[in-house]
Every structure is written in structure tokens, then in C-alpha cells.
Amino acid sequence: MGNIRYSQFISNTGVKEHFFSGASIVAENFAAEAAALIAAYEKECEKRGVSCESEILLRFHLSDITNQLHILEELLQDRNSFISAVGQPPADKSRIVLEAWHWKGIKGKNSRNGSLKVEMNNYTPLWFSNKELKSSGSYGQTAEEFETLKSFLAANRSTVADNSVRTWLYCRDVDNNYAGLVNARNDFFKLNGLTEDTHFIASTGIEGAASEPHRLVKMDSISIPELAPEQMIYLTAPEMLSPTAIYGVSFERATQVVYGDRSHIFVSGTASIDNKGVVVHPYDVEKQTHRMLDNIEALLAEGNAAKADIKSATLYLRDIADADTVTGVIAERFGSELPLAVLKAPVCRPAWLVEMECFAVNGKGNSAYLPFS
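No experiment lies behind these values; they were computed from the predicted model shown.

Analysis parameters
- Residues numbered from 1 in each chain as written.
- Predicted model: local features only at pLDDT ≥ 70, side-chain atom pairs only at ≥ 80, totals over all residues.
- Heavy atoms only, no water.
- Pairing = 2+ DSSP bridges.
- Helix = DSSP H or I, 4+ residues; strand = E, 2+ residues; numbered from the N terminus.
- Axes fitted to C-alpha atoms, helices over the stretch in contact; angles between N-to-C directions.
- Contact = heavy atoms within 4.5 Å.
- Buried < 20%, exposed > 50% of the residue type's maximum accessible area, 1.4 Å probe, protein only.
- Expected span 1.5 Å × (residues − 1).
- Left-handed = near helix turned anticlockwise from the far one by under 90°.
- Nonpolar A, V, L, I, M, F, W, Y, C, P; charged D, E, K, R; others polar.
- Core = buried A, V, L, I, M, F, W, Y, C linked by side-chain atoms within 4.5 Å.
- Phe/Tyr/Trp six-rings, centres within 6.5 Å; stacked < 30°, edge-to-face > 60°.
- Salt bridge = Lys/Arg side-chain N within 4 Å of Asp/Glu carboxyl O.

A. Structural view of the sheet that holds strand β4 (residues 82–87). Here we have five strands laid out as an open sheet, ordered β1-β2-β5-β3-β4, and mixed in their pairing. The sheet is open, and its two edges are formed by β1 (3–9) and β4, each paired on a single side. Neighbour-to-neighbour, the strand axes of this sheet turn through a mean angle of 10°, independent of strand direction. Across seven bridges, the pairing between strand β3 (residues 55–62) and strand β5 (residues 96–104) is antiparallel. Residue pairing for β5: Leu-62 is matched across the bridge by Ile-96. Sheet contacts for helix α1 (residues 30–48): β1, β2 (16–23), β3 and β5; angle to β5, the most-contacted strand, approximately 30°.

If you want it as C-alpha cells, here you go:
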């Protein structure tokens, strides 16, 4: 049916968080694989006492999104969650990988036109994805993505600069189209108060396809209107990683969101880079993996967190032949039970052979702020 990994964060009060990840078992066709994987995931939810009503994020990575998405959508009809599908082939040669995040104890949620509004006692997180793009080219489409997010947040009394916590930018043919994405994001940020002297947004920019072949860019995001500026702390680990702006891009290495009862840490896509912005260990995927994990641990440590606090991760490989080597290093250092999606998705620089993003949570909050509930 599917190998589902699970982790959780349980606080003494407030919302409980649950994380799932799994790849399908190869079957005769995509429909069979997808149905079996969803069934295995739902069975694991039942086993853990986690209902579909608490499902917030359900992200799928597909081997052939153009031909598969309509089948997946039929299987997910009437699901009241933020559902994202990206063309990123699983590294194990299956056809589909899922990642899920549950918040157990919320008041309610409302999904509409690709967005999800989560109703909580103290916060109303907003998940957003633009369903259609009218622009052409990676520059134009990225600009439209951010302008659409800006309009969506304005309707919810929020702004990109003040309230966006995390973005995921998927770029078709990243080797040729990433430059347009970067330039458009840089230009939007300059016009909207996000600078090297203020802050950017935690993000991953990676190879990934939308279902429409003409669509070169797809963006997902999470924003939280009620956050005070002091609740978002931007982690840099300068002894290990360079500021992103020195090589012309604009994203934060990691963002820590501090609540009264916990901290969330969103670690952006992280690779084997040093504090000068130089690729470390070119051509050696094993050494790159170790440096990547060193960088992630340094970011977590700056946020008063540790590798044991990581609850889910996504691994991107330029060459799926490296999967066993890379996952072996991760299992050795971070444990073999971590919910981990392993995908073929080249990084923005060809010299980077591997990249990983992750999400961590622990109980180290600040009572000056409202709890995550």
C-alpha cells in the first residue's frame, strides 16, 4: 500500500501537530498507486488517532503531473485542506509521494480556489496558491504569483512583508528559467519593503512542474495575519552560510516563528554552501550531504532547536542514482524514522547535487505571545 512515516508534536495545551510522509509501492498504473497510497496514509492516520478533519496540508509529488493530476483530483474530491501537487518524480521510481501536516484542535477551516483559511483561537493562518497564470516567461509568471499573493493578503488585512512566513517556488527547467524567477522576486521585494536590511522570506526555489506545460512557475505560501513582527526571527548561521543577497537572490535561510507555547522553524532549501556563498565539495555528493546537514544543524541551533526537533523534511536530488548514498547519510545523522520525501529535483546551481528543506517544532516558546491555538 505504501510506507508511511510519522512524527508528532504534542503540547500540554493547545493544538497538537502530526506529520506524515510516504511513497507509493509500484503498481500497474498511477491510479492504483495513488489510491493505495492515500488508503495507507488514511489507515496510518486512524492508527494514530488523527482525523482527516485536522488535515491542513497535503502535498503530492508526481512523476508525470500533466497526465496524472486529473486522476489525483478525482481521488481527493471534497477534501477541505490545502492541496498542492508538483511535478517532481520520486527517487525510488514510484509514481507518487505524499506529505501531510495536521493541526489537531483547531476551530475550523475553509478552502476556496486554492487557498485555505484555518480558524484558531489566536491566529488564522492562510495557505495560498494561484490556480491560473496569464503571464508568460518565468519573470512574468513569478511577478504575477507575488502580485496575486499580495492581493489575496490585502483582502485579509495582511501584507507579504509583514505576514508571509514561507514560500515554495517550483520552476520548470530550473537551469534555464530560474534567473527570471530570481529577478522577478528581487524586483517585487524591492517595491514592497523586503530588503537585505529588513528581511526576506524563508523559501525553497527548486525544479518542479505544474500540470500545464506552459506554466514555468508555481508558488505555494503560508502567511499569518496576527503575528507581531517580533514573533518572526530570521536565522542566518553566518559562521556557516553566506547571506543570500551576496549572490543575487532574496530569501531567508530559515524563519523561526515564536508562539506562547512553541516555536516553529521553517528551514529553507539548504545545500552545501559556505559563508562566502561558494559551493562546498563539488562533484562529491556524500560530502555535500554532510555539509548540507551541518548547515541545517547550525540554523536550528541559532533558533534554540536541535535535529531531534525536525518533524518533516523534503530532499531534492539532481541524480536519483545518488538516493541511497544521501539517504544513508541522513539516516545515520538524523535517524531513519524522519518523515522524508525523496525526489528528483535539480537545485538552482548545477554544482549542487543535493538540497534539503525541513520543518522543526519544539516547546520553546515565549509567554509574551499568544499560544498557537
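B. Quick look at the side chain of Ser-211. Looking at where Ser-211 falls in the secondary structure, it is placed in the loop between β10 (202–207) and β11 (217–223). When its relative accessible area of 18% is taken as the criterion, Ser-211 is described as buried.

C. Expanded view of the environment of Ile-10. Within the fold, Ile-10 resides in the loop between β1 and β2. Assessed through its relative accessible area of 40%, Ile-10 is described here as partly exposed. Taking the C-alpha atoms as reference points, Ile-10 and Phe-334, separated by 324 residues in sequence, lie 20 Å from one another. Setting aside its immediate chain neighbours within four residues, Ile-10 contacts Lys-16 and His-18.

D. Representation of helix α5 (residues 174–191) in the model. With 18 residues, α5 should reach 26 Å at 1.5 Å per residue; the first-to-last C-alpha distance of 25 Å fits that figure. Residues of α5 that are buried in the fold lie against α3 (137–154), α4 (160–163), β9 (164–171), β10 and β11. With its phi angle positive at about 80°, Gly-193 sits one or two positions after the end of α5.

E. Quick look at the packing of α1 against helix α2 (residues 65–75). Relative orientation of the contacting elements α1 and α2 amounts to 35°, with a least axis distance of 10 Å. Our pair here, α1 against α2, has a crossing hand that is right-handed. On α2, the residues touching Phe-30, Ala-31, Ala-34, Ala-35 and Ile-38 of α1 are Gln-68, Ile-71, Leu-72 and Leu-75. In terms of residue class, the contact of α1 with α2 is made up of eight nonpolar, one polar and no charged.

F. Representation of the environment of Tyr-369. Turning to its location among the elements, Tyr-369 is positioned in the segment after β17 (354–362). C-alpha separation for the pair Tyr-369 and Ala-228, spaced 141 residues apart in sequence, amounts to 8.6 Å. With near-sequence residues (within four places) excluded, Tyr-369 lies in contact with Glu-230, Gln-231, Val-258, Tyr-259 and Gly-260.

G. Examining the side chain of Gln-231 more closely. Among the secondary structure elements, Gln-231 is positioned in the loop between β11 and β12 (232–235). With sequence-adjacent residues up to four places away left out, Gln-231 is seen in contact with Tyr-123, Glu-226, Gln-256, Val-257, Val-258, Tyr-259 and Tyr-369.

H. Layout of the nonpolar core. By size, the foremost hydrophobic cluster in this structure holds 99 residues, and its most contacted members are Trp-103, Trp-127, Ile-296, Leu-315 and Met-356. Judged by nonpolar contacts, the second largest core, of 23 residues, contains Leu-37, Leu-58, Leu-69 and Ala-209.

I. Region of the structure containing the packing of aromatic side chains. One pass over the structure, following the stated rule, counts 19 aromatic pairs. Between the aromatic rings of Tyr-6 and Phe-20, the centroid separation amounts to 5.0 Å while the plane-to-plane angle is 45°, which identifies the pairing as tilted. Of the two residues, Tyr-6 is situated in strand β1 and Phe-20 in strand β2; the sequence distance between them amounts to 14 residues. As far as the burial class goes, Tyr-6 and Phe-20 line up, both buried. A ring pair is formed by Phe-19 and Trp-101, whose centres lie 5.7 Å apart and whose planes are at 25°; its orientation type is stacked. Here Trp-101 lies in strand β5 and Phe-19 lies in strand β2, a separation of 82 residues in the sequence.

J. The packing of helix α6 (residues 285–302) against helix α7 (residues 323–334), seen in detail. At a minimum axis separation of 9 Å, α6 and α7 run at an interaxial angle of 35°. The way α6 lies across α7 gives a crossing that is right-handed. Along the contact surface, α6 presents Val-285, Glu-286, Thr-289, His-290, Leu-293, Asp-294, Ile-296 and Glu-297, while α7 presents Thr-325, Val-326, Val-329, Ile-330, Arg-333 and Phe-334. Residue classes in the contact of α6 with α7 are distributed as seven nonpolar, three polar and four charged.

K. Layout of the pattern of salt bridges. Following the criterion strictly, the structure yields 13 salt bridges and no others. For the salt bridge of Glu-17 with Arg-262, the shortest nitrogen-to-oxygen distance reads 2.8 Å. Of this pair, Glu-17 sits in strand β2 while Arg-262 sits in the loop between β13 (254–258) and β14 (263–270), and the two are 245 residues apart along the sequence. Glu-17 sits in the buried class, given a relative accessible area of 0%. Residue Arg-262 is classed as buried on the basis of its relative accessible area, which comes to 0%. The salt bridge involving Glu-145 is made with Arg-215; its shortest N-O contact spans 2.7 Å. On the criterion of sequence distance, the pair formed by Glu-145 in helix α3 and Arg-215 in the loop between β10 and β11 is long-range, its members being 70 residues apart. Across this residue pair, the class does not change: Glu-145 and Arg-215 are buried.

L. Geometry of unusual backbone geometry. If you check the backbone angles, His-281 has positive phi at about 60° while not being a glycine. Topologically, His-281 is positioned in the loop between β14 and α6. Located in the positive-phi region is Tyr-283, a residue other than glycine, with phi close to 75°. Examined against the element boundaries, Tyr-283 turns out to sit in the loop between β14 and α6. Judged by its relative accessible area of 80%, Tyr-283 falls in the exposed class.

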